[in-house]
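Observations on the three-dimensional arrangement
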Amino acid sequence: MRRIIGGILAAVVAGFCLATPARAQNREKAWELYPYAGYVKFGSTAGLDDSPSLGLDFAYHWTKRHEVEFGFGGTSTNDSATGNFSADLITARVNYVYNIFLHRRDKVVAFVTAGAGVLDFSTFGFTTDPSLVGDEQDFMYNYGAGIRFFGGERAGFRIEARKVDYAGRGAAGNQNYLEVTMGITLVLGGA
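Here's a quick rundown of the structure. Fair warning: this is a prediction, and the values are worked out from it, not measured in the lab.

Details of the environment of W62
- One can find W62 in the loop between strand 2 (51-61) and strand 3 (66-78).
- Sequence-distant contacts of W62, that is, excluding residues within four places in its chain, are made with E28, K29, E67, V68 and Y96.

In structure tokens form, the structure reads like this:
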């Protein structure tokens, strides 16, 4: 009997919490943190294995619709042909984000984003060609879209897809990859 009463009480509390209207999650002068886990799919010409990624984005909302976002992320992979090389990609970027409100209480917020930054590409392994091993920093630009689902006024779930293009030196030429990420987004402060 206690389990039944406890279950009913839990259902009522959960229903009340989920049914209450949330105030605007995207607030002017608010900061947003987005630690994420993702997956990187490299282009066919890169010769690299697809791999998981981790990162942290933080943004400043100067209005509800407009924000600037700073991001750091990275992945570690191997060459797909021989497996003799390992590569680490680390990115630092600045993006403009435009928010599109899909729910009247701002519980669902879609967005588009674009920006530029620096990609550090480090390779290491055994080879007879020493030019294949080393570090290089390349200019990169990216664009993408995503959606946030807020359960309260301060936290939500975020999914994003981002295409990254960069110009590798030497024979590598222009390269790109697609990164899909998901994680918890936290909104701090604001007007």
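So, next bit.
What about the pattern of salt bridges?
- If you walk through the whole model with that rule in mind, you get 11 salt bridges.
- Ionic pairing is found between E69 and R158, a salt bridge with its closest N-O pair at 3.0 Å. Of the two residues, E69 is situated in strand 3 and R158 in strand 7 (residues 155-167); the sequence distance between them amounts to 89 residues. R158 shares its class with E69; the two are buried.

Some details on the side chain of N142
- With respect to the element layout, N142 can be found in strand 6 (residues 134-150).
- In this structure N142 comes out as buried when scored by relative accessible area, which is 2%.
- Here the side chain of N142 touches N95 through a polar contact of 2.7 Å, side chain to side chain.
- Ignoring anything within four residues of it in the chain, the contact list for N142 reads R93, N95, T113, A114, G115, A116, R162, K163 and V164.

The rules behind each value
Counting restarts for each chain, with residues numbered from 1 along the sequence as it is written. At least 70 in pLDDT is required for a residue's local features to be given in this predicted model, at least 80 for side-chain atom pairs to be given and counted, and no such filter applies to totals for whole chains, interfaces and linings, which use all residues. By convention in this description, side-chain values take in all heavy atoms of the structure and omit both hydrogens and water. In this text, helices come from DSSP runs of H or I with a minimum length of four residues, and strands from runs of E with a minimum of two, each type numbered from the N-terminal end. In this description, contact between two residues means that some pair of their heavy atoms is separated by no more than 4.5 Å. When a carboxyl oxygen of Asp or Glu is within 4 Å of a side-chain nitrogen of Lys or Arg, the pair counts as a salt bridge. We call a residue buried when its accessible area falls under 20% of the maximum for its residue type, exposed when it is over 50%, and partly exposed in between, using a 1.4 Å probe and counting protein chains only. Pairs of N or O atoms are called polar contacts if they sit within 3.5 Å, as long as, within protein, a hydrogen donor faces a hydrogen acceptor (for residues adjacent in sequence, only side-chain-to-side-chain pairs).

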